[in-house]
Amino acid sequence: MRNKSSVLVVFVLFLLGLMTGCGGETKEGAEGKKAENVFVTIATGGSSGAYFALGGAISNQLNQKVEGINSSVQSTGASAVNATLLGTEKVELAFAMNDVVSYAYTGTEVFEEKGKVENLRGIAALYPNFVQLITVEKTGIKEVSDLKGKRVGVGAPGSGTEVNARQILKAHGITYDDIKADYLSYAEAVEQMKNGAVDAAFLTSGLPNSTIMDLSTTQDVKIIPIRKESVEKLAEEYPFYASEVIPAGTYDNEEDVETAAVQTLLVTRADLSDDLVYDITKTIFENLDALKETHSAANSIKLETVKKGMPIPLHPGAEKYFNEHK
């Protein structure tokens, strides 16, 4: 009887040991140190754009440098779609313009009917997205005021570009009633410009934009300036706008061209663990060279500007990393 009791005690101790061991592994995983099969999907943009290229570079770095992360990239319709994907918890990271993120977080503009996306949290402001208002030489358009009565590509319906177009025109006293607005994507706008069906088009992106470069191979492309004083007027109502210049030689422009810009952000969800977001942030900023080799827009990513134009709270995991590197 005593032997049976001894065996039972040993067995119970063995089970307790297993449970303690498992509990230790679970805790370690929850802290993000040895977690397995943590899926991180990054929502980007079109496959030819900077979002997709940089998203792929970040995904590769996460897979290589952070144990237990399984990261992949998803090509999307960009900012507005990406904010919605985060809101429905279908992705973990996303690229988006700060104006669209602001609309999503507050439930305004293109998100007025969709409702607020309150789980959005910032990781970092990455680089400026330039509003590029383009035309071709034969139209004779030189200023925004010349767009009255013209056929203008204003961006795809519900896109960040379309909102930019509407707001910039408004700052110049122009509404869609004063132009022939055509809701076209980048590629569609450029194609219609080649055919002479569109006189000018708004495209908001990093520099250079591949579709504008394609157009410049067959047409004499002109960038219409958006003057600094107009941008400052715009920023009084929409503070996420800043005045920037498109440098000479970016396309066929011989001189710098003034324009408006918004910031590209990397955003995440509030429910992701602090440790996971810390590891993501650390991996990005300790491997910037890999991002710069992928796309020139990454040259603008700096620790000093991670909060520039950020309209939502930073995720605590990202904030922890930045506080350590002030």
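So, a few notes on the structure that sits alongside this text. Only a predicted model underlies this, so the values are computations on that prediction, with no experimental measurement involved. (Residues numbered from 1 in each chain as written. Predicted model: local features only at pLDDT ≥ 70, side-chain atom pairs only at ≥ 80, totals over all residues. Heavy atoms only, no water.)

Below, the discussion takes up the packing of aromatic side chains. According to the stated counting rule, one finds ten aromatic pairs in the structure shown. Pairing Y176 with Y183 gives two aromatic rings, centres 6.1 Å apart and planes at 80°, and the pair type is edge-to-face. Among the aromatic residues, those joined into a ring-pair cluster are Y103, Y238, F240 and Y241. Its guanidinium or amino end placed over the ring of Y278, K320 lies 4.9 Å from that ring's centre, counting from NZ or CZ. (Phe/Tyr/Trp six-rings, centres within 6.5 Å; stacked < 30°, edge-to-face > 60°. Lys NZ or Arg CZ within 6 Å of the ring centre and 35° of its normal.)

One can describe the packing of helix α4 (residues 98-106) onto helix α5 (residues 160-171) by two numbers: an axis separation of 9 Å at closest approach and a directional angle of 95°. Here α5 runs roughly perpendicular to α4, going by the angle between their axes. When α4 is examined against α5, the residues D99, V100 and Y103 are found in contact with a partner set consisting of G160, V163, N164 and Q167. Here the residues of the contact of α4 with α5 are counted per class, giving three nonpolar, three polar and one charged. (Axes fitted to C-alpha atoms, helices over the stretch in contact; angles between N-to-C directions. Helix = DSSP H or I, 4+ residues; strand = E, 2+ residues; numbered from the N terminus. Parallel < 35°, antiparallel > 145°, perpendicular 65-115°, else oblique. Contact = heavy atoms within 4.5 Å. Nonpolar A, V, L, I, M, F, W, Y, C, P; charged D, E, K, R; others polar.)

Here helix α9 (residues 274-285) is twelve residues long and its end C-alpha atoms lie 16 Å apart, about the 16 Å a rise of 1.5 Å per residue gives. Taken residue by residue, α9 has L276, V277, Y278, D279, I280, T281, T283, I284 and F285 as its buried positions. (Expected span 1.5 Å × (residues − 1). Buried < 20%, exposed > 50% of the residue type's maximum accessible area, 1.4 Å probe, protein only.)

Turning our attention to the pattern of salt bridges. In this structure the tally under the stated criterion is ten salt bridges. Between E137 and K222 there is a salt bridge, and its shortest N-O distance comes to 3.4 Å. Here K222 lies in strand β8 (residues 221-223) and E137 lies in the loop between β4 (120-136) and β5 (151-153), a separation of 85 residues in the sequence. Residue K222 is classed as partly exposed on the basis of its relative accessible area, which comes to 34%. Ionic contacts of the salt-bridge type, sharing partners, join the residues E92, R269 and D271 into one network. (Salt bridge = Lys/Arg side-chain N within 4 Å of Asp/Glu carboxyl O.)

What follows is about the packing of α9 against helix α11 (residues 316-324). The contact between α9 and α11 brings their axes to 7 Å, and the two run at 50°. As the angle between them shows, α9 and α11 are arranged oblique. Crossing of α9 against α11: the hand is right-handed. Residues D274, V277, Y278, T281, K282 and F285 of α9 touch α11, and the partners they reach there are P316, G317, A318, K320, Y321, F322 and E324. (Left-handed = near helix turned anticlockwise from the far one by under 90°.)

So, about the environment of A125. Inspection of the secondary structure assignment puts A125 in strand β4. For the pair A125 and V306, spaced 181 residues apart in the sequence, the C-alpha separation amounts to 4.5 Å.

For strand β7 (residues 200-205), the tally of buried residues reaches six of six residues, placing the bulk of the element in the interior. Here β7 shows a buried face lined by A200, F202 and T204 and a second buried face lined by A201, L203 and S205. Pairing between β4 and β7: six bridges, direction antiparallel. Bridge assignment links I134 to a residue of β7, and that residue is A201. Of the pairings in the sheet, the one linking β5 to β7 comprises two bridges and is parallel in character. Looking across to β7, one finds that V152 is bridged to A200. (Pairing = 2+ DSSP bridges.)

Scope: geometric values only; no functional claims are made or implied.
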